[in-house]
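Next come the chains, spelled out residue by residue.
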Amino acid sequence: MRTTRTVPARPVLIVTLTLATAGSLLLGPDAAGADPEPVTREGSAVDDRAAQAPASAARRALAAPEETSTGTATRGYPRRQVLSPDPENPGDKSLKLGLIPYHAIAPKLNALQRLGDRVSVEVTGRSAGGHRLYLVTVTAPETTRQARAQERMRELIENAPATAAKSRELRHGYKTPVFVNSNIHGNEWEGTDASLKIVEQLATAKDAKTRDLLAHSRLYFNITANPDGRIAGTRANAGGFDLNRDFVTASQPETRAMRQIALDKQPAVLLDLHGYVNGTLIEPTTPPHGENYEYDLFLKNSYANALGMESAVNALGYTPAKDGVEPAQIPFRDQEEGWDDWPPIFTPQYAAFHGTVAAHTVEIPLAVNNEEYDELPVPELRRRSAVNTAVAGAAIRATLNHVREHRASLVADQIEVFRRGAAGAPQVPVSPQTVPGVPGIGPEDVYTTTFPRAYVIPPGDSRTQRSAPAAARLVDHLLANDVRVTRATRPFRLAGRTYPTGSYVVDLHQPKRGMANALLADGRDISGKVSVMYDISGWSLGRLWGATVQRVPSGSLRGAPLRPVTAAAPVARVPSHGNLHLRLTDPREVAALNSLLRQGVSVRRGPDGSAIVPASARRAAAAAARTHDVSFAATRLTGGTPLHRLRVAAAVTSGELFALREMDFDVTPVSTAVLNAGFDWSGTDVLFVSAGLDHAALTAPARRALDTFLDDHGLVGRGATGAALNAAADRLAVKPVAGNTDANGVVRTRNTGRVTHGAPAHAFVYAPLWFTDLGPGVRVEQSYATGNPLVSGHWRPLREGTGGPAAAAGQASVVSGGRTVLFGTEPLFRDHPKGEFPQVARALFTVAHSGSVEESG
C-alpha cells in the first residue's frame, strides 16, 4: 500500500486520503527539500528490522523452477484437474476475519471446476514457503484447435504487430486477456475472496452479457499471489520479501510465477488488489510516470477503466457516517504527487512492458491488518472484511464490464504498444490532444525517453574472467523478461566501434523495447521533479549487475553477424595446468569459492583479495565451475592467508540475508531479541550488522557476550545501525554522516581498496551514509564520486542544505581497518545490485582473516 497527501493540483474535487496502515512514518522537517508538507511513506525509508527468514525459503527461491501445469502444449478449455487438499491449519490468520483460509482454497477450486465448463485451474509454481500458487482461467469452452488459434493470434500481436493490426481474424476472434492479481501482500486478504466470488458467479451465470464476455475474453485470476503471507498475516512471503517490490529482480518464486503469467497470457488489462486506503484508491497515478512506457496509451485506458471502478465502488452505497468508508479516489486526478508509477517494481507498472494498457493498483478501504487485526473485536474485523470484499468485487465487475464494452480498442492499443517498439517509432507525449477525455494533463505528466539504437554487452573474457559471469547472468535475465537478445558470430563494427565475437546485442527495435530500456538504461535523476519518492527511483542493471553494458545511440544493425539466442553461452572454464585464480568480483564466483571451502579444499587469498586454488584441487574446481557457471584462470601465484568457510551471524534485512545465502555463506540470523535470549557465539566467525541489533537495548549478559566476541572477531556494518554498533563497540574511529533518509538511487563511486577491487564504478544507495574524520589506520575502500555522484534516482538535500549529493561528493562510502568494514551504500539491497554483492563477501573474508599471518604470494 502507498500513502500520500492530497493537494489541489488538478481542476477537480479533491478527496482527502486517510491513512489506514500501521507503521507509516510522517516525514519530519528534516525530510525532503522544498515541499513544506512532504508525502508520507509506508514505513521508514530505512529497514531496521532483522530478517528471520528460514534457510529453506532461500533454498526454495534459489532452486530451479519446478515443472508446473503452465507452459504446457496448447490444449483446449476447460483444463480441469483435481487438487489434493492441504492439511487444515487452525492458525491461518484469514480465519479470524471470516475469510477463506489457504487450506480451503484447493477444495473450493475443485468445486468451482465442477460447476460447468467455464472454469479451469493451473498450478503455476510454489511459494518460498512451499505452498501451491493457483491460476484460475474463466472463459467459454475452446477446442484444442480454437486454443491454438488463440495462441497464434497472441503471438502475432507481439511478434508481428503491424500485421496483427490488419488481421480480420484477430479483430473478430481474439479473446481479450484480463489478469486479476490478488493478495500479493499477504496481510491484504480480501482480493482473494472477491475473486473466488466472481469466479463462482461467472461459472454459472446465464445472462447474455456474461456469455458475451466469456465468448470474447479469457479471465485469469491469480487467487493468492502470496499464500505464505496470507497464512501468517504478514505483508512479505516466507523469505521476508515484499513481492510487490521484486519484479525488476524476480528473486522470489512467486514473482517469477506472476512474471510468467504476464508473458504467457499477455493481458491487456490488469487489476492488482491491495489494501488499505480509505477511500478506495484506484490508479492511474500521480507523477513521475515511467519514462519507458507508451504512456499515452496506458493513461487513456487506465483512466477510463478507473472511472468505471470508481462509479461501481461508490454505488455500493457505503458512507463515512454509516460505514466509515470514504468515496473512491483516482490519484492522477485527485492528487499532486506521492503515488507514482516510476519504477517497474510494482505489478501494474511491470505489466505495462508486456502489453497491458490498463493496469491498476486498487487499494480497498478498511484496515484489518497490523494493530487493527490485534486490537479490534472480531465482529468489527469481519464487518470490515465484508465491506472490503464487496469493494474489491465491485472493482472486478466494473473492469469486466469495461473489457466487454471496449475489447476492440484495448487489443488495438496493445498491438500499437508492440508496433511502436518493433518499428522504433517515437513515443507520443501525453497532452489534452493526445489523450482526450483525461482531465488535468499538464507538463508535469510528460515523461518520455530517447531510446538508443541498441545496447551491446561484451561477453567478458573467460581466460581473464573479466565480466563473463555477470554478462551471462544479465543476458539470461533479459531473456527471462522476454527481451530479445542476439549474439555476434564474428567481430563486427557498430557506430564506429568494433566488438568481439560473442558480444550480445539488444536491438531496441523490438516489441518490448520499454522493458529492455528500463532494465539496461542508466535512468534519470528526478530529484527536481517531485518532493519525495514513495519507493526506489533508480535501479539500472546496466550499472549495478557487474557486466559491461555499452549504449549505442544510433547506427544500423543491417548486415551485422547476429543470431538470436535463447540462453547465454556457458562461461565455465578451468585451465588444464597450474594453480587456479578466481577473481571474486561476481556473486557466482563467491558461491563457487564457498562450495570449495565447504568441501575442505585448501584455498588461499590472493594479493588483490581474490582466491587461489591449488592445482591439486582441479577436479573440485571443475565441478564448481560447472555448477556456478564461472571460469578459473591459470596463475603462478600460491596465495597468502589460508581461507576457511565462514560462519556468519547476521542482523540484516531480508534482502541481505537472501543475498548472503545466494553466495552460499553459512548464515545464522540474529537480532537484539536473539542475543538477549542467550546466543552461543562459539560457532561464529564474523558478525554482519545492518538492522535489528541495538547495543543499548541488550541485557548486560548479552552485551558482555557480544563485546567479548568482538574483541577477537570481525565486524561488517552497513548503514546507520552498523555504524552505531561500530561506535558502541569502539572499533573504527570514524564519524558517520547521514544523508537525506529519503534518498535512493544509483551513484558513481571510486574504488580504491581490496574490498572493492573489481567492483563496478557505481553503487546503490538508500538512506545514504558517508564517513568523515577518519582516525589512524582507517582505509578508504570506496568514495562517492566528485561533483554530483547521483546518476539516477531521487536525492535532495535537507532544508538546511545538508545531506544531499553535493555533501557526499568525494566522501568515503566504504571504510575498513583492523577487523572492521563499514558500508554507507546498500550493496545487497533487496537481492538486487548483483555486481556489488562481492564487496560484502570480500569484507567478510577480510575481517574474519585479518588476524592471520601476513599475506604473501
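Residues numbered from 1 in each chain as written. Predicted model: local features only at pLDDT ≥ 70, side-chain atom pairs only at ≥ 80, totals over all residues. Heavy atoms only, no water.

Engineer: I'd love a proper account of the overall build of the protein, names of residues and values included.
Structural biologist: In terms of regular secondary structure, the protein is built from 26 helices and 35 strands. On C-alpha atoms alone, the protein measures out to a radius of gyration of 27 Å, which is about the 29 Å that the 2.2 N^0.38 rule sets for 857 residues. Judged by the C-alpha coordinates and their principal axes, the protein covers about 80 × 65 × 55 Å. Buried residues in the protein amount to 62% of all 857 residues. Long-range contacts, defined here as pairs at least 24 residues apart, represent 79% of the contacts in the protein between residues at least 6 apart. (Helix = DSSP H or I, 4+ residues; strand = E, 2+ residues; numbered from the N terminus. Rg over C-alpha atoms; globule rule 2.2 N^0.38 Å. Buried < 20%, exposed > 50% of the residue type's maximum accessible area, 1.4 Å probe, protein only. Contact = heavy atoms within 4.5 Å.)

Engineer: Break down the pattern of salt bridges for me, citing the residues and quoting the values.
Structural biologist: Taken as a whole, this structure holds 41 salt bridges when the rule is applied. Across the pair Glu 151 and Arg 154 runs a salt bridge whose closest N-O atoms are separated by 3.1 Å. Of the two residues, Glu 151 and Arg 154 both sit in helix H3 (residues 144–159), three residues apart, roughly one turn of that helix. The exposure class of Glu 151 is partly exposed, given its relative accessible area of 24%. With a relative accessible area of 11%, Arg 154 lands in the buried category. Across the pair Glu 291 and Arg 524 runs a salt bridge, and its minimum N-O distance is 2.8 Å. Linking Glu 291 in the loop between strand E9 (286–289) and helix H10 (295–314) with Arg 524 in the loop between helix H17 (513–520) and helix H18 (541–544), this pair joins segments that are 233 residues apart in sequence. Of the residues examined, Glu 291 reaches a relative accessible area of 10% and is grouped as buried. Each member of the salt-bridge network shares a partner with another, and the members are Glu 188, Arg 235, Asp 242, Arg 245, Asp 535 and Arg 830. (Salt bridge = Lys/Arg side-chain N within 4 Å of Asp/Glu carboxyl O.)

Engineer: Could you give an account of the packing of aromatic side chains, with specific residues and numbers?
Structural biologist: Counting across every chain of the model gives 20 aromatic pairs. Ring centres of Trp 342 and Trp 539 lie 6.4 Å apart, and the angle between their planes is 70°; on these two criteria the pair is classed as edge-to-face. Taken together, the residues span a long stretch of sequence, with Trp 342 in the loop between strand E10 (340–341) and helix H13 (347–351) and Trp 539 in the loop between H17 and H18 at a distance of 197 residues. In terms of burial, Trp 342 and Trp 539 fall into one category: buried. (Phe/Tyr/Trp six-rings, centres within 6.5 Å; stacked < 30°, edge-to-face > 60°.)

Engineer: Would you mind going over the sheet that holds strand E16 (residues 504–507) in detail, with residue names and values included?
Structural biologist: Ordered by their spatial adjacency, five strands build an open sheet running E17-E12-E16-E13-E18, and the pairing between neighbours is antiparallel. Two strands lie at the open edges of the sheet, namely strand E17 (550–552) and strand E18 (562–564), each paired on one side alone. Direction aside, the axes of adjacent strands within the sheet are offset by 30° on average. Where helix H16 (residues 468–480) meets the sheet, it contacts strand E12 (454–457) and E16, and its direction lies at approximately 140° from that of E12. (Pairing = 2+ DSSP bridges. Axes fitted to C-alpha atoms, helices over the stretch in contact; angles between N-to-C directions.)

Engineer: Describe the environment of Arg 819, naming the residues involved and giving the relevant values.
Structural biologist: Along the chain, the position of Arg 819 falls in the loop between strand E34 (812–817) and strand E35 (820–823). A relative accessible area of 28% places Arg 819 in the partly exposed class. In the structure, Arg 819 is positioned 714 residues away from Ile 105 in sequence and 52 Å away in space, judged by C-alpha atoms.

Engineer: Just give me the short version of the packing of helix H6 (residues 190–204) against helix H15 (residues 378–423), but keep the residues and values in it.
Structural biologist: It is at 8 Å that the axes of H6 and H15 come closest, and there the two elements cross at 50°. Taken together, H6 and H15 sit at an angle that is classed as oblique. The crossing of H6 and H15 is right-handed. Contacts from Glu 190, Gly 191, Asp 193, Ala 194, Ser 195, Lys 197, Ile 198, Gln 201 and Leu 202 in H6 reach Ser 385, Asn 388, Thr 389, Ala 392, Gly 393, Ile 396, Arg 397 and Leu 400 in H15. Taken together, the residues of the contact of H6 with H15 sort by class into six nonpolar, seven polar and four charged. (Parallel < 35°, antiparallel > 145°, perpendicular 65-115°, else oblique. Left-handed = near helix turned anticlockwise from the far one by under 90°. Nonpolar A, V, L, I, M, F, W, Y, C, P; charged D, E, K, R; others polar.)

Engineer: Give a description of the environment of Val 686 that names residues and reports values.
Structural biologist: Assignment of secondary structure puts Val 686 in strand E26 (residues 686–689). Sequence spacing of Val 686 and Ala 390 is 296 residues, and the spatial spacing of their C-alpha atoms is 52 Å. Beyond its immediate chain neighbours, meaning those up to four positions away, Val 686 contacts Leu 646, Arg 647, Val 648, Ala 649, Phe 709, Gly 714, Leu 715, Leu 844, Val 847 and Ala 848.

Engineer: Give a description of the confidence of the model for the protein that names residues and reports values.
Structural biologist: Looking at the protein, the pLDDT average stands at 92 and 92% of residues meet or exceed 70. The low-confidence segment residues 1–41 (pLDDT under 50) makes 138 contacts with residues lying over four places distant or belonging to another chain. Segment residues 852–857 is flagged for pLDDT under 50; beyond a separation of four residues in sequence, or across chains, it makes eleven contacts in the model. (pLDDT = per-residue confidence, 0-100.)

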